[in-house]
Amino acid sequence: MRHDEIAAATDAVTRWAERSGRRSVPAADGLGVVLEALSDDLGVTDLRDLTEGAATELLLDHCPERVGTDRIDAVLDAARAVVEYAADTGLVPATLGAKLRREIDAAADEFGDAVLAEEVAGAFHDLVGAEPDGREADGSAGPGEAGNSAGTGEDEDEDRVADLVAVFGTDRLPPLRLPSEAELADEARASPRLARVLALARWVGDGRPVTAEGDLEPADAAAVVDELALGDPDLAPDSDARVTELAQLWELAEALGFVDVEDTGAVAGEVADEWADGDDETVLLVWRQALTELSAWSMLTDAERAAEIDLDLRPAGSTLLPLFAARRDGLPLARVSGMIRQMAVDDLPAGRADEAWKDWVAVHGDPARVLYGRLADLGAVDIDDVDVVRLRPLGLSALWTELSDDLEIPLLPPPAEMSAEHLLTVGTAGTDDDLRDEWRGWRTVRDADTAARALADAARDAGPDERLIATSLLRELGEDADAVWRELLDEPALRPYARQALTDLHGPAPEFEQDDEDLAWLLLDLYCAVDEEDLPDDLAGNLAEAVRPGEESVFDTMWRLNHPHRHTVLTLIGRHHPDADVAKAARKASFKAPNS
């Protein structure tokens, strides 16, 4: 399709969605992506040419490279809208439309992971400072240089931040609580993998001969594999699996400075002593570099040893970024494997991609299981009995250290030291489960009156989102918050919540009855954070319940209130209220409200 044809088709689908009463009108940019990919990549210039399998191919093979993570939902909604439009208008049979819709639903999660895979490799490269075609010139990022070393100017810094925001979908991540530095250092010292790296360095001692490539001589390699019990002891010392384990440890020991390799041979490096006897800061610095080395280079080392030329396994470690985003629930190892596969075969034709991946897995194992097994051995992650991988505190701390210069990721103090403002930050940036857990811990170290007054003070200075959270937590205190609620009757922004709560506690009373301004203020607080590009499924139903026909006078009150989001909320109601007369009244009021 030409640009004007795509614009016309976008307009046609949009008008159909508005007339048909569809739950949401698809975003124009999402429609543009879908229609352009159908035309350019699948050759579908007329929706009558859609065939079975087209939706799967569209989403998994062609759309991921066209969008960022912030547009995943918009593209999925656009794809569904195009299919529904084609079926509803008779361009395709209803049975085909239903099949294509099922294809979209089945491919949705994999599409999201494919888009994420496109984003994470570049962002991770920026963090570890690695050249895309291999190590830095000196073979390593160097102790303390991993993370942020790629950005050398304002443009690079801005690009790095933009890449990270594309991965996480925001520049503000949920707060995080970490153990103390001493506790983390103790955990780092207990790393099984670094214990073997130290043992290897001590075995090297004052000197061992090396090959021209800087590896141990075969006889020494077999001896140390046996002496340190590397790999499966039932296999021969020179078996590929055990030699691979030695190669991994050798690369790590050299990169960290546990072993120094020169033309004449290898000797134990100074870092081996620093690791064994160093202070907490030094130990954590070394451990963090070990994480960088393993995540950035471990799979590349395997690929180089196997002379792999098809698969690109370099970005495998970038899956640590979505794992950090999913730090509470973790990620299924199978999902991590899917992301690694997406990156590894990105430049291969579909037929060769499947063959190359299967060949590698058959000989070397699933890269996700191999890599994350090594990271678990380092102490960075745990893999549970159902193959869900989660970051351990050391891994969380290391990634927080790398990310926190570019993204807002607050660190939480212990519950006894937390303020109510900390709690509200958890509520706005974290999940409901995060807030529930932190609330429980915060509440147990405070009496009810202290907790209530702290929440009320925080609510007085808060915006709408924080007000909703603070007042909902206050309600959980029940009668213990009665005195505080009564004080809040004199606070205009909190009076509506106080009247609600006191009515629930004591029953209806004239002094607790909500007036039009209270109801209008609650509507403004409740709906001001709704994202037009990611509308809740039940928005129309909730709006119908909130403002019924005949209650339109509330809009006249809303636009007169000194609320910063009155224009936004009235516009939202005008667009999405299912009753035409109510919606029209909201739109009319929105014209009077200042657009702040």
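The structure under discussion appears in the preceding block.
This structure is a prediction, so every number in the text was calculated from the model and none was measured.

Engineer: Teacher, can you tell me more about the overall build of the chain here?
Structural biologist: A tally of regular secondary structure across the chain gives 28 helices and 5 strands. Taken along its principal axes, the extent of the C-alpha atoms in the chain is 90 × 65 × 45 Å. With 596 residues in all, the chain has 48% of them scored as buried. Partitioning the contacts of the chain with sequence separation of at least 6, the portion at a separation of at least 24 is 68%. Surface exposure of the chain reaches about 27700 Å², of which carbon and sulfur atoms provide 47%.

Engineer: In this structure, what is going on with the packing of aromatic side chains? I would like to understand it.
Structural biologist: Two descriptors summarise a pair of aromatic rings, namely the distance from one centre to the other and the angle between the planes of the rings. Counted according to the given criterion, the structure contains 4 aromatic pairs. With centroids separated by 6.0 Å and ring planes inclined at 70°, the aromatic side chains of Trp16 and Tyr85 adopt a geometry described as edge-to-face. With Trp16 in helix H1 (residues 3-20) and Tyr85 in helix H4 (residues 72-88), the pair connects residues that are 69 residues apart, well separated along the chain. This pair shows no difference in class: Trp16 is buried, exactly as Tyr85 is. A centroid spacing of 6.4 Å and a plane angle of 80° characterise the contact between Phe168 and Phe324, whose relative ring orientation is edge-to-face. Of this pair, Phe168 sits in helix H6 (residues 154-168) while Phe324 sits in helix H13 (residues 320-325); the two residues are 156 residues apart in sequence, bridging distant segments of the chain. Assessed through its relative accessible area of 13%, Phe168 is described here as buried. For Phe324, a relative accessible area of 0% gives the class buried. Positioned over the ring face of Trp203 is Arg208, at 3.7 Å from the centre of the ring. Note that Arg327 overlies the ring of Phe324, its terminal NZ or CZ placed 5.1 Å from the centroid.

Engineer: Hey, could you run me through the environment of Pro209 in this one?
Structural biologist: You can see Pro209 is positioned in the loop between helix H8 (192-204) and helix H9 (218-227). We classify Pro209 as partly exposed; its relative accessible area is 42%. Through-space distance from the C-alpha of Pro209 to that of Ser472 is 69 Å; in sequence the pair is 263 residues apart. Apart from the residues within four sequence positions on either side, Pro209 is in contact with Asp215, Leu216, Glu217, Asp220 and Gly265.

Calculation notes
- Residues numbered from 1 in each chain as written.
- Predicted model: local features only at pLDDT ≥ 70, side-chain atom pairs only at ≥ 80, totals over all residues.
- Heavy atoms only, no water.
- Helix = DSSP H or I, 4+ residues; strand = E, 2+ residues; numbered from the N terminus.
- Buried < 20%, exposed > 50% of the residue type's maximum accessible area, 1.4 Å probe, protein only.
- Contact = heavy atoms within 4.5 Å.
- Areas by Shrake-Rupley, 256 points an atom, 1.4 Å probe, with all protein chains shown as cover.
- Phe/Tyr/Trp six-rings, centres within 6.5 Å; stacked < 30°, edge-to-face > 60°.
- Lys NZ or Arg CZ within 6 Å of the ring centre and 35° of its normal.

Taken by themselves, the reported measurements are silent on function.
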